[in-house]
Amino acid sequence: MPLNIVSLVSVGRHPQSGRARRAEQDSRAVELGLKLADTALTVLHVGNPDDPVLRQYAGMGLPSLTVLKQEDSVDAVPVLQRFLEQKNIDIVLTGVRAESGESSGMVPYLLAHALGWPVVARVADIVAVKDGKAEVLLALPRGQRRAVSIQLPFIASMDHAAEAARQSAFAVGLRATVESVESVGEVDQIRVDWQESVAKTRPKRLKTVKAKTAAERFKAATAKPEGGTGKVMKNETPKEKARAIFDLLLEEKVIR
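Residues numbered from 1 in each chain as written. Predicted model: local features only at pLDDT ≥ 70, side-chain atom pairs only at ≥ 80, totals over all residues. Heavy atoms only, no water.

A. Representation of the layout of surface pockets. In this model, the largest pocket occupies a volume close to 1200 Å³. Lining the largest pocket are 39 residues, and of these S10, A76, A98, S100 and G101 lie nearest its centre. With four residues, strand 4 (residues 42-47) is the single largest residue contributor to the lining of the largest pocket. Looking at side-chain class alone, the lining of the largest pocket contains 15 nonpolar, 13 polar and eleven charged residues. (1 Å grid on protein atoms, 1.4 Å probe; cavity = no way out; pocket = protein on both sides within 12 Å on 5 of 7 lines; lining within 4 Å. Points joined across faces, edges and corners; volume = space filled by probe spheres on them. Helix = DSSP H or I, 4+ residues; strand = E, 2+ residues; numbered from the N terminus. Nonpolar A, V, L, I, M, F, W, Y, C, P; charged D, E, K, R; others polar.)

Below you can see the structure in the form of structure tokens.
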């Protein structure tokens, strides 16, 4: 029996240019959905059916997309809940968080709570589905993986460790059919009252290395910073670095 898989997609935003695009994690969810269900995959979006970004998803080889027509002020979770409850869905694939809007990452969890399904976060791959269970690989730090078994149906949020999305073909996207479905939604009153503004970049505090011995100065001068944080050496010129190395060799009795 073929799997009934739904991939939820949203309108992404390029981190540098700010232009609308297919979201990185959502496109990986579509890629995994195509791997598991091929063209039988249902790609679902809540919003404007005329948004040109949807054609970028369709260009991945999709014959059609389904759009639940709603305004931006409508809460998407109840709309998705009512649609999915009417279908016999096995797996719902999403990104960890959207690239635009609130970008809270709460949609998979709120939707799973509303449906009463389990949710699996940071999925790298779904290896196999058999006898009502799926073998899932979770992405862990430093390239590690954890294999888990989960009962169908469930919601999976895709990690950046998942397989990258294929290139989108412009002509294929134009030929795809966008099915617009009228649905009743509720305005998110809390969201409407929010005021958005451009976030200001805050300066980051740099750690100052206080080296006392020659060995500590040598280690601080040559060690690579971890986790993307920078280190600053006070009054550490190339001449002083060379002197630190020389002092270390003397301490180790390499130079006599």
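There's more to say after this.
B. Looking closely at the confidence of the model for the chain. Looking at the chain as a whole, its pLDDT mean stands at 84, while 84% of the residues score no less than 70. With pLDDT under 50 throughout, residues 227-235 is counted as low confidence; its partners more than four residues away or in other chains account for twelve contacts. (pLDDT = per-residue confidence, 0-100. Contact = heavy atoms within 4.5 Å.)

C. Examining the sheet that holds strand 1 (residues 5-8) more closely. Reading across from one edge, 9-8-7-10-6-1-4-5-11 is the order of the nine strands in this open sheet, with mixed pairing throughout. Every other strand in the sheet has two partners, leaving strand 9 (145-151) and strand 11 (177-182) as the edge strands with one partner each. On average, each strand axis in the sheet is tilted by 35 degrees relative to the strand beside it, whichever way the strands run. Pairing analysis gives six bridges linking strand 5 (residues 64-69) to strand 11, with the strands arranged parallel. By the bridge assignment for strand 11, S64 is matched with T177. Seen against the sheet, helix 1 (residues 24-37) touches strand 1, strand 4, strand 6 (91-95), strand 7 (119-130) and strand 10 (154-158) and runs at an angle of roughly 155 degrees to strand 6. (Pairing = 2+ DSSP bridges. Axes fitted to C-alpha atoms, helices over the stretch in contact; angles between N-to-C directions.)

D. Fine view of the packing of helix 3 (residues 76-85) against helix 4 (residues 107-115). Where helix 3 contacts helix 4, the axes come no closer than 10 Å and their chain directions differ by 45 degrees. What the angle tells us is that helix 3 and helix 4 run oblique. For helix 3 against helix 4, the interelement crossing comes out right-handed. Between helix 3 and helix 4, the contacting residues are V77, L80, Q81, L84 and E85 on the first element and L110, L111, A114 and L115 on the second. Residue composition of the contact of helix 3 with helix 4, by class: seven nonpolar, one polar and one charged. (Parallel < 35°, antiparallel > 145°, perpendicular 65-115°, else oblique. Left-handed = near helix turned anticlockwise from the far one by under 90°.)

E. Up close: the pattern of salt bridges. Inspection of the entire model under this criterion finds five salt bridges. Of the charged contacts, one joins R166 and E31 as a salt bridge, the two residues approaching to 2.9 Å between their closest N and O atoms. Remark: E31 occurs in helix 1 and R166 occurs in the loop between strand 10 and helix 5 (170-175); sequence separation between them is 135 residues. (Salt bridge = Lys/Arg side-chain N within 4 Å of Asp/Glu carboxyl O.)

F. Local environment of unusual backbone geometry. The step from L152 to P153 runs through a cis peptide bond, and the omega angle for that step is -5 degrees. Its place among the elements puts P153 in the loop between strand 9 and strand 10. In this structure, D131 is a non-glycine residue whose phi angle is positive, near 55 degrees. Following the sequence through the fold, D131 ends up in the loop between strand 7 and strand 8 (133-139).

G. Region of interest: the environment of L41. You can see L41 is positioned in the loop between helix 1 and strand 4. In this structure, the C-alpha to C-alpha distance between L41 and N4, residues 37 residues apart in sequence, is 7.1 Å.

H. Layout of helix 4. Among the residues of helix 4, P108, L111, A112 and L115 are the ones counted as buried. In a view along the axis of helix 4, the buried residues occupy a sector of 100 degrees, so they form one face of it. Against strand 1, helix 3, strand 6, strand 7 and strand 10 lie the buried residues of helix 4. Trailing helix 4 by a residue or two, G116 shows a phi angle of about 75 degrees, which is positive. (Buried < 20%, exposed > 50% of the residue type's maximum accessible area, 1.4 Å probe, protein only. Arc of directions from axis to C-beta.)

I. View of helix 1. Between the first and last C-alpha of helix 1 there are 20 Å, a value that for 14 residues agrees with the 20 Å anticipated at 1.5 Å per step. The element helix 1 is largely enclosed, with a buried count of eleven among its 14 residues. Of the residues trailing helix 1, D38 is marked for its positive phi of about 55 degrees. (Expected span 1.5 Å × (residues − 1).)

J. Looking closely at the nonpolar core. Residues V30, L93, I126, V136 and F154 are the most contacted members of the largest nonpolar core, which totals 34 residues. Secondary-structure elements contributing two or more residues to this core are helix 1, helix 2 (54-58), strand 5, strand 6, strand 7, strand 8 and strand 10. Take this core: its biggest share by element is five residues, from helix 1. The contacts of L93, once residues within four sequence positions are left out, are I5, V6, S7, L8, A29, L32, G33, I126, A156 and M158. If you look at the next biggest cluster of nonpolar residues, it comprises 17 residues, including L44, V74, V79 and L80. (Core = buried A, V, L, I, M, F, W, Y, C linked by side-chain atoms within 4.5 Å.)

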